[in-house]
Amino acid sequence: MHTDVKHTELTLSFIGGGNMANALIGGLHARLGAAATIHVVDPNADALSKLAQQFGVSTSTQMDASLAASAVILLAVKPQHMKEAALQLAPHLTDQLVISIAAGIRSADLSRWLGGHGAIVRCMPNTPALIAQGITGMVASAGVSAEQRAIADTVLQAVGATVWLDDEALIDSVTAVSGSGPAYVFYFLEAMQQAAQELGLTAEQGKTLALSTFAGATQLAAQSPDPIAVLREKVTSKGGTTYAALTSMESAGVKQSIITAMKAAADRGKALGDELGVD
């Protein structure tokens, strides 16, 4: 459910101007328009120029005292650059809400680098945010007020749905399911397209059939009251074509391989936190 924030103006500063920052800025610009004042800090002057032209944001190549004017600081740098960015940001913090979208980086480590700052929301969005079809797992630290939590919800809902978690450790699970998830879908689509070509269809025909099938099946699963397993069974007649395909997948251990792969992603997320959280 969407949370409306009763603000005449939402002031945000993005630290980092990459793809996910672009998606969030685009979503906020489309949804809030003049009600959002956005500043972007990134060492890449070309990237800043494009953002300024496209969305009318103010920009800077380095952090400075102007950050104190923002109610929200959104950290959109790569995990391996987060400590350095946080240490640079720390002198400019007062009571702002800090939102982090970096994989692996734990709130406790981020808080320590930020000089003990307590108002932190950790998020894991995914790339469909680029077309406002994202899903974001979120967890708030103890220092986040109810109003700040609502603001964080508004910011991330600009690019899709949000799921709030009570346990930060579950962010690694969200990373494995939805954060990395689009790549699994693309991997499966690649396989469907390749199989289509090996079966005599053109690459374009294979792509069209695979994309439409995935989109349609997903919407059917979203709208049907039936469990996903029941929907699968309804397509699978004993001894039929679908049965032949799924029997082959089962004998090859496809389902278990997917589950094992996703657990590997979650483990990597935890390991990133262990590796990058040290001082």
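Remember, it's a predicted structure, so these values are computed and weren't measured experimentally. Each chain has its residues counted from 1, running along the sequence as written. For this predicted model, a pLDDT threshold of at least 70 governs which residues receive local features, and a threshold of 80 or more governs which side-chain atom pairs are given and counted, while totals over whole chains, interfaces and linings are taken from all residues. The side-chain numbers reported here are obtained from all heavy atoms of the structure, hydrogens and water having been left aside.

Novice: Explanation requested: unusual backbone geometry in the structure shown.
Specialist: A negative phi angle characterises most non-glycine residues, just as the trans form characterises most peptide bonds. Even without a glycine there, the phi angle at Ala-132 is positive, about 60 degrees. Strands here are runs of E lasting at least two residues and helices are runs of H or I lasting at least four, both read from the DSSP assignment and numbered beginning at the N terminus. Here Ala-132 lies in the loop between strand 6 (120–124) and strand 7 (134–140). A relative accessible area of 42% places Ala-132 in the partly exposed class. Burial classes follow relative accessibility: with a 1.4 Å probe on protein chains only, a residue under 20% of its type's maximum area counts as buried, one over 50% as exposed, and anything between as partly exposed.

Novice: Would you explain the sheet that holds strand 6 in this entry?
Specialist: Sheet strands pair by backbone hydrogen bonding; their relative direction is either parallel or antiparallel. Read from one edge to the other, the open sheet built from eight strands follows the order 3-2-1-4-5-6-7-8, with strand pairing classed as mixed. The outermost strands of the open sheet, each flanked by one partner alone, are strand 3 (58–60) and strand 8 (160–164). When strand polarity is set aside, the average angle formed by the axes of neighbouring strands in this sheet is 25 degrees. Summarising the sheet, strand 7 and strand 8 pair through five bridges and their orientation is parallel. Across the sheet, the residue bridging to Ile-135 is Ala-161, located in strand 8. Pairs of strands are assigned from DSSP output, requiring at least two bridges between the strands. Think of each axis as a best-fit line through the C-alpha atoms, taken over the contacting stretch in the case of a helix, with angles from 0 to 180 degrees between the N-to-C directions.

Novice: It is not clear to me how the side chain of Asp-42 should be interpreted in this structure. Could you clarify?
Specialist: Structurally, Asp-42 is set in the loop between strand 2 (36–41) and helix 2 (45–55). We count Lys and Arg on the positive side and Asp and Glu on the negative side, and we leave His and both chain ends out. Throughout this description, the term salt bridge denotes a Lys or Arg side-chain nitrogen within 4 Å of a carboxyl oxygen of Asp or Glu. Of the side chains with opposite charge, Lys-78 lies nearest to the buried Asp-42, which makes no salt bridge, at 9.6 Å. For this analysis, a polar contact is any N or O atom pair within 3.5 Å, provided that within protein one partner can donate a hydrogen and the other can accept it, and provided that sequence-adjacent residues contribute only side-chain to side-chain pairs. Looking at Asp-42, its side chain comes within polar contact range of the main-chain nitrogen of Gly-17, at 2.8 Å. We call two residues in contact when some of their heavy atoms are within 4.5 Å. Residues contacting Asp-42, with those up to four places away along its chain left out, are Gly-16, Gly-17, Gly-18, Leu-48, Ser-60 and Thr-61.

Novice: Would you explain the confidence of the model for the protein in this entry?
Specialist: For any part of a model where pLDDT is low, the fine detail of the predicted coordinates should not be relied upon. The quantity known as pLDDT measures the predictor's confidence residue by residue, on a range of 0 to 100. Of the residues in the protein, 97% reach a pLDDT of 70 or more, and the chain-wide mean stands at 93. Averaged pLDDT values over the elements of the protein bottom out at 89 in helix 1 (residues 19–32) and peak at 98 in strand 5 (residues 97–100). Taken together, the stretch residues 1–7 has pLDDT below 50 and engages in 15 contacts with residues farther than four places along the chain or on a different chain.

Novice: What is the right way to read the nonpolar core from this model?
Specialist: Where a protein is soluble and globular, its nonpolar side chains tend to be buried together. To qualify as a nonpolar core, a set must consist of buried Ala, Val, Leu, Ile, Met, Phe, Trp, Tyr and Cys residues joined through side-chain atoms within 4.5 Å. In this structure, Leu-12, Phe-14, Leu-24, Ile-38, Ile-99 and Val-155 are the most contacted members of the largest nonpolar core, which totals 33 residues. Looking at this core, the elements that each hand over two or more residues are strand 1 (10–15), helix 1, strand 2, helix 2, strand 4 (72–75), strand 5, strand 6 and helix 5 (146–157). Looking at this core element by element, the count peaks at six residues for helix 1. Beyond its immediate sequence surroundings of up to four residues, Ile-99 is in contact with Val-72, Ile-73, Leu-74, Leu-75, Val-121, Cys-123, Ala-152, Val-155 and Leu-156. Membership of the second largest hydrophobic core comes to 19 residues, among which are Leu-67, Met-82, Ala-86 and Ile-120.

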